[in-house]
Structures are given as C-alpha cells and as structure tokens.
There are 2 protein chains.
Amino acid sequence: MLQAAKKLGKQTFKFDNPPVIVSYASIVGPMEGQGPFGKEFDYVLEDDLFGEKTWEKAESKMLRETLKLAVQKASTSPAEVDFLLAGDLLNQIVTSNFAARALGIPFLGLYGACSTMAEALALGAMLVDGGFAERVVLGTSSHHNTSERQFRYPTEQGVQRPLWAQWTVTGAGAVLLAREGKGPAVTRATVGKVLDLGVKDANDMGSAMAPAAADSLLCYFQDTGEEPEDYDLIVTGDLGSLGLKVARELLVRGGLAVGENFTDCGVLVYYPEQDVHAGGSGCGCSAVMLCGPILKRMEAGNYRRILLVGTGALMSPLTVQQGESIPALAHVVAIEKKGEG
Amino acid sequence: MLQAAKKLGKQTFKFDNPPVIVSYASIVGPMEGQGPFGKEFDYVLEDDLFGEKTWEKAESKMLRETLKLAVQKASTSPAEVDFLLAGDLLNQIVTSNFAARALGIPFLGLYGACSTMAEALALGAMLVDGGFAERVVLGTSSHHNTSERQFRYPTEQGVQRPLWAQWTVTGAGAVLLAREGKGPAVTRATVGKVLDLGVKDANDMGSAMAPAAADSLLCYFQDTGEEPEDYDLIVTGDLGSLGLKVARELLVRGGLAVGENFTDCGVLVYYPEQDVHAGGSGCGCSAVMLCGPILKRMEAGNYRRILLVGTGALMSPLTVQQGESIPALAHVVAIEKKGEG
C-alpha cells in the first residue's frame, strides 16, 4: 500500500517545516500554586471560583483567559489566528465551547479525555505544516470540582478516595503554534490507537492508561529509530505514580529501557505532602506542566528535546455503570529546540 | 499578516489535491427506515437495540459497523487506514471511543455536536491533502433514545414535546476519504466561528443554530466569490423547518438569495406524517443523509456540486440549567464530482 508522504513507519508523522511554539500560557488553581512548580505558572487563582458563580463558569473563564494570554504573548490578536483547537472533560466540552464563543476564532472541538493537549498539538502542527494555517492557538483545561461532581460524587458528600485514586488538576494551558517565529518546534507526532486491557476500576485510571502510553511510545521509537536517551525528558500526561510504574514495566518488557528521564506530569505537579494519593490527573495536568515548567526549561536551555505523551481514559460514568471496562489512548508529541547554542 | 497557502479569504480552505470520497455507508433506525429515503441506507435496524442490552451499546455498535462497512466497501482494511476521526453526542463521546477500540485505527476524537460530520470531513480532507494520510475513515452517529435520556427526560416519562422541538435521528454515517480513487471529492471547507445570539430554549435548537449556518455560508460565498446557484444542493445539518426559515431570512438579509436548492437534512429525513414536529436532528442526521441519499445522487449524476453545512448547538444540560444561552457552530464542506461526463 502507498504510504502518506509525511508518515514515518506505522503511526508517526514528521513535519517538514516544524511548527513553532511562539508562546504559551498557564493558569492554575490554589492547590497547584502551592505545588513544587507553583511559581512557574502565569497566574494562580485565589480560589476555585475565579469570581464566577459556578465552578463550571470558572473553568471556562480559566481556559478563555489562558488562550487569550497565549495569543497576547505572541503579539498577535484572535483575528489573526486561523484556528482554535480545544477540548476538555466536561460533558459536550462546554468549557471549550464557551471559551470559543468569547474568542471568535474558527473553532474545531476535540475530545481525547486527558490526552487532549497532545491531540491538539499533533493536529495543530498538521494544520500549520499542511499549509492550512499560519497560526493555531490550542488549549485545554480541567477543574477539580467540576470533574469530581461530574465523574464521581457531589464534593459535599466527602467520599473517601482510595490511595490509588488521582486528584484532578485545576488548571488550563495554551500554546500558540506558528509557521514562523522563535521558540521550540513540534517536530513529530505519533497518533495512538485505543487500547483496553480490561481495567474496570474508575479510580485506577493510571493502570487503565499505562498500556496505551507504552504502546504509543514503543511505536514512536520503532517508527523513528531513535532511543529514549536521545531525549532530555519523556513525560506522560497523568499516569500518576501507579500508572507510571506499570508503563515503565511494559516498556521494559517491550525492549525499551527508559531511565530517569521518564516521568509523569501527574507525579510532578503536587508535593507528596499535598495528600493527592497517586498524583494529579485531568486535561489540565499535562497542559499546565507543559505550558509552565517544561517549556520554561526548554527556553532556559535545560532541555533540548522532549516527548510529551498525552494519556486519556475514554470512559464515562455511564459506561462504567453499564459494566464496560476503560479504553485508553495516548499520543506522543516531540518538541525540540532548534540549533542555536 | 501572512496568509496560509491553502486559505482563501477569511475562513475557507482549498485542497490542492481534493481528497476523494471513495466509499460511504449508513445504518439507520426503524423510524428513519420508514422515512422518504428509507430504501437508500445500507441497513435499517429492526429495533432500537440492535441486539444489545442498552441503547448506548446499540449506538456504539451502529457506528462501529458503519465505519467497518465504509472501510470494506473501499476494498481496504482498518490496518491500511491512517486515521479514524469520529465524534458523537454522548458524554465523553463514548460511542466513538468504543467504536475506535474495536477498529484499532489511530484515533482522533472530535466534538462539534451535530456539526461533527462536517468537522470530520474538513479535518480529514486537511490530513489527506496535507500529506499526513493516504486514507482516513470518519463518521458520526446519534440515537434517539440515548439522546433523549441524556439531554432531556427519561423516555419512559413521556414528556410532551413542543411543536418546535426536533427528533434526534437514530443513525450513523461514515465516509472513507483517500488521496486517490474514484468518487466525488472534497474541494473546500469553511471552518466556522462559535456564535450565540441569546436563544435559551433548549427545545429550539434550530433558531439557536441558524445564525451560525448563515454566517458560515455567507463567509464561504464571500471567500470563494461563488454564488448559491453554482451548487445543485446546499444542505444544512439539522436546522429543522423553523431553523431553516430563520437561516434563509438571515441569508437574504446578508445579500445572498438562496433558492430551492437550499434545504436541510432534518427537514428531509422524515415524512411530516411521522409526527416529528420541526424535523430531525442529531449528529446522525446529516451523516446518514450525506452517506445515503445525497452521495447516491452524486454517484447517479443528479448532483455535481453540493455544500454540506454541518450545524451544531454547543450547550449541555448543565449549562442550560446554569442559565447560559446556546452557542452554535457551523462548518461548510464543498463536495464535487470530477469532470467525467
């Protein structure tokens, strides 16, 4: 069969003119502000409501302001941006829809659960490299309280969480990708397949997502012929401490020895003392870590080449109630600093 | 500012090598099978459950089988398809996620409410024309009973629907787009902006979506310099009889005289005697009309050039309860038969 011109191997895509991350922005909640990277986000909310009447409105405002900030930092305006790509965890991705209403940029809504940031980066890079856009703004968000009451229990109920559960990050991250400009570039992406190894515990999303993360990483390295040590950082979205352990084991079994450079945004975002059990999760988890600490370290020269592995658990409360197991998906995005220095 | 190479005017994109619709498939529910086009779908379900225990499982099976059928008709296999693009109305697009799990094709999940078929066609065409794919399969679905109980009331409750309400179509449609092959081609697409003129009645989605449909169509004709009479058919997704009237009025006010060639999939899909009030709606509405009657008429030579205008109402039950109005979005996709004959 014929292979597409920009495809490498089975599931990986290369960009002939790698789209540049010319700006990025992040806004986080109070608890994320108290975490180890609290000073590296653009704005830390004083409370969960951000001046709004409901958590849902607060989440949408957070995403909207983060997207606006990324556009502003790139010294451009929404009218000069060709596409907005966004998605989130709320039913019918209303956080993103309402943010898009305020921005007036041609909008493509995405849903990849917590893999959405990587999905948006991969697609955005394809639109720029494919000649359809000069500039794409993309972002995603999650909010602890909107997620708790939608996916689990009313927050007021105070249900005890098992130790392997994760804590949904309150935060939004956004990137402005452009055909030209200064900044690290998106050079390749592996688009994942949906995998389901039968995990049914909706509190154990790390284990549900680990096989997808391992599969997409194995595919990335097979398709490119590279090795994990070619990267300064290989960071999954929100596997948490348990999922990260499972993914590492699966990678080793797959013949890929990942070292200290392999970690997870959900493991990084909080201090263990913050009592979040297995770590952070949610669309916002990888988005804020990328659009704060990670890209800042690339800017500072600490990292030259990284892989972001967005990981998503694709169930709903209804499918769990109907006895289904949890399908999962992971996309890999390579971000590299160009030659200078 | 620089303009992207493949962009025309403000929001329209042209494909240098227009991706070809090499195959298409549709499966509908019993009621759609009794409508005016009932004989033009590939398969009509005997009942709403399609052999499954729940309506949600039935919807996912319907989408999965439709996607498989489109792949099969193109004499290819899922392993030879570069991307699956899909979305639906259920929370966390679980219909699509579970269909993707069964197919094993690299998956990009979308959410554009009932505009999803047009969103998938536009994005799929960009991926093929941009050099990232040789073949993309895309599809979407809706199910009357899964939608009713998620967005409105338990179906058992028998709540009376107002005369301006629409009836969610039970059906799935899928297309296989390829870089080469025989069939009509996707030549251009206009990606819409989210518009909200303040409609708050969740039963009146036609009025909520009409401004977005009119805006994207006005933009399409301005960007391309063409006229409505250049097309054999300009068909919106699911405005219904009321929304179609509003859209026609808005187009006239915008200086665009649309004639008899302007209609709506929601108006077409049922007989008035089927008591669906303002017509059909749902992601499946435009998907089954496109992937059945419309593409069949293109194949037969009745139509040479058409515009599909996917229309989506981007609210959720929660945003309606929180007093928000209904944002809406519309994408335009041009499909043309090539020169032969």
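From a predicted model like this one, the values you see are computed outputs, not experimental measurements.

Draft legend 1. Layout of the pattern of salt bridges. One pass over the structure, following the stated rule, counts 34 salt bridges over all chains. For E40 of chain A, the salt bridge is made with R297 of chain A, and the minimal N-O distance between the two is 2.6 Å. Residue E40 of chain A is found in the loop between α1 (30–33) and β4 (43–44), and its partner R297 of chain A is found in helix α9 (residues 283–300); the two are separated by 257 residues along the sequence. In the salt-bridge network here, residues are joined through shared partners; they are K57 and R101 of chain A together with D196 and E324 of chain B.

Draft legend 2. Quick look at the nonpolar core. In terms of nonpolar packing, the biggest core is built from 104 residues, with F83, V175 and L290 of chain A together with F83, V175 and L290 of chain B touching the most fellow members. With residues near it in sequence (within four places) discarded, V175 of chain A still touches I21, S23, Y24, A70, M117, L121, V136, V137, L138, C291 and L295 of chain A. Ranked by size, the runner-up nonpolar core spans 66 residues in total, among them L45, A58 and Y111 of chain A together with A58 of chain B.

Draft legend 3. Representation of helix α2 (residues 55–73) of chain B. All names here are of chain B. Taking 1.5 Å per residue as the helical rise, α2 with its 19 residues ought to reach 27 Å, and the 27 Å between its terminal C-alpha atoms agrees with that figure. Taken as a whole, α2 has its buried residues at W55, E56, A58, E59, S60, K61, M62, L63, T66, L67, A70 and V71. Where α2 ends, the next residue or the one after it, S75, has phi of about 55°, a positive value.

Draft legend 4. Spatial organisation of the domain arrangement of chain A. All names here are of chain A. Domains assigned within chain A are domain 1 (7–178) and domain 2 (185–336). With centres defined by C-alpha atoms, the gap from domain 1 to domain 2 works out at 17 Å. In this assembly, 61 residues from domain 1 lie in contact with 61 residues from domain 2. When domain 1 packs against domain 2, the two sides together hide about 5,000 Å² of surface, and 63% of this comes from carbon and sulfur. A per-residue breakdown of the area domain 1 buries against domain 2 is headed by Q11, Y24 and Q166, which together make up 16% of the total. For the pair domain 1 and domain 2, the number of links is one salt bridge. Between the two partners, domain 1 and domain 2, sit 25 residue pairs in polar contact (both at pLDDT 80 or more). Residue assignment for the side of domain 1 that touches domain 2 shows that the elements contributing at least two residues are β2 (12–14), β3 (20–28), α1, α4 (116–129), β7 (135–142), α5 (144–151), β8 (167–168) and β9 (171–178).

Draft legend 5. Fine view of the relation of the copies chain B and chain A. When chain B is fitted onto chain A, the two copies agree to an RMSD of 0.0 Å after a turn of 180° and an axial shift of 0.0 Å. Here the transformation between the copies is reduced to the relation of a two-fold axis.

Draft legend 6. Region of the structure containing the interface of chain B and chain A. On the chain A side, the residues contacting the 69 residues of chain B number 69 residues. Interface area, chain B with chain A, both sides summed: about 5,600 Å², of which 63% is carbon and sulfur. Seen at the junction of chain B and chain A, the total is eight salt bridges. Notably, a salt bridge pairs R101 of chain A with D196 of chain B, separated by 2.5 Å at the nearest N-O pair.

Draft legend 7. Spotlight on the packing of aromatic side chains. Enumeration over the complete set of coordinates arrives at 14 aromatic pairs over all chains. Relative to Y231 of chain B, the ring of Y220 of chain B lies with its centre 6.1 Å away and its plane at 70°, an arrangement referred to as edge-to-face. Within this pair, whereas Y220 of chain B is found in helix α6 (residues 205–224), its partner Y231 of chain B is found in the loop between α6 and β11 (233–236), the two being separated by eleven residues in sequence. Assessed through its relative accessible area of 0%, Y220 of chain B is described here as buried. Site record: aromatic cluster; members linked through ring pairs are F13 and F15 of chain A together with F83 and F132 of chain B.

Draft legend 8. View of the side chain of D129 of chain B. Inspection of the secondary structure assignment puts D129 of chain B in helix α4 (residues 116–129). Side-chain polar atoms of D129 of chain B contact the side chain of K6 of chain B, separated by 3.2 Å. Look past the residues within four positions of D129 of chain B in its chain and what remains in contact with it is F132 of chain A together with K6, K14, F15, D16, N17 and P19 of chain B.

Conventions used here
- Residues numbered from 1 in each chain as written.
- Chains lettered and ligands numbered in written order.
- Predicted model: local features only at pLDDT ≥ 70, side-chain atom pairs only at ≥ 80, totals over all residues.
- Heavy atoms only, no water.
- Salt bridge = Lys/Arg side-chain N within 4 Å of Asp/Glu carboxyl O.
- Helix = DSSP H or I, 4+ residues; strand = E, 2+ residues; numbered from the N terminus.
- Core = buried A, V, L, I, M, F, W, Y, C linked by side-chain atoms within 4.5 Å.
- Buried < 20%, exposed > 50% of the residue type's maximum accessible area, 1.4 Å probe, protein only.
- Contact = heavy atoms within 4.5 Å.
- Expected span 1.5 Å × (residues − 1).
- Domains from an automatic or database assignment.
- Buried area = accessible area lost by both parts, 1.4 Å probe.
- Polar contact = N/O pair within 3.5 Å; in protein donor to acceptor, adjacent residues only side chain to side chain.
- Least-squares fit on C-alpha atoms with pLDDT ≥ 70 in both.
- Phe/Tyr/Trp six-rings, centres within 6.5 Å; stacked < 30°, edge-to-face > 60°.

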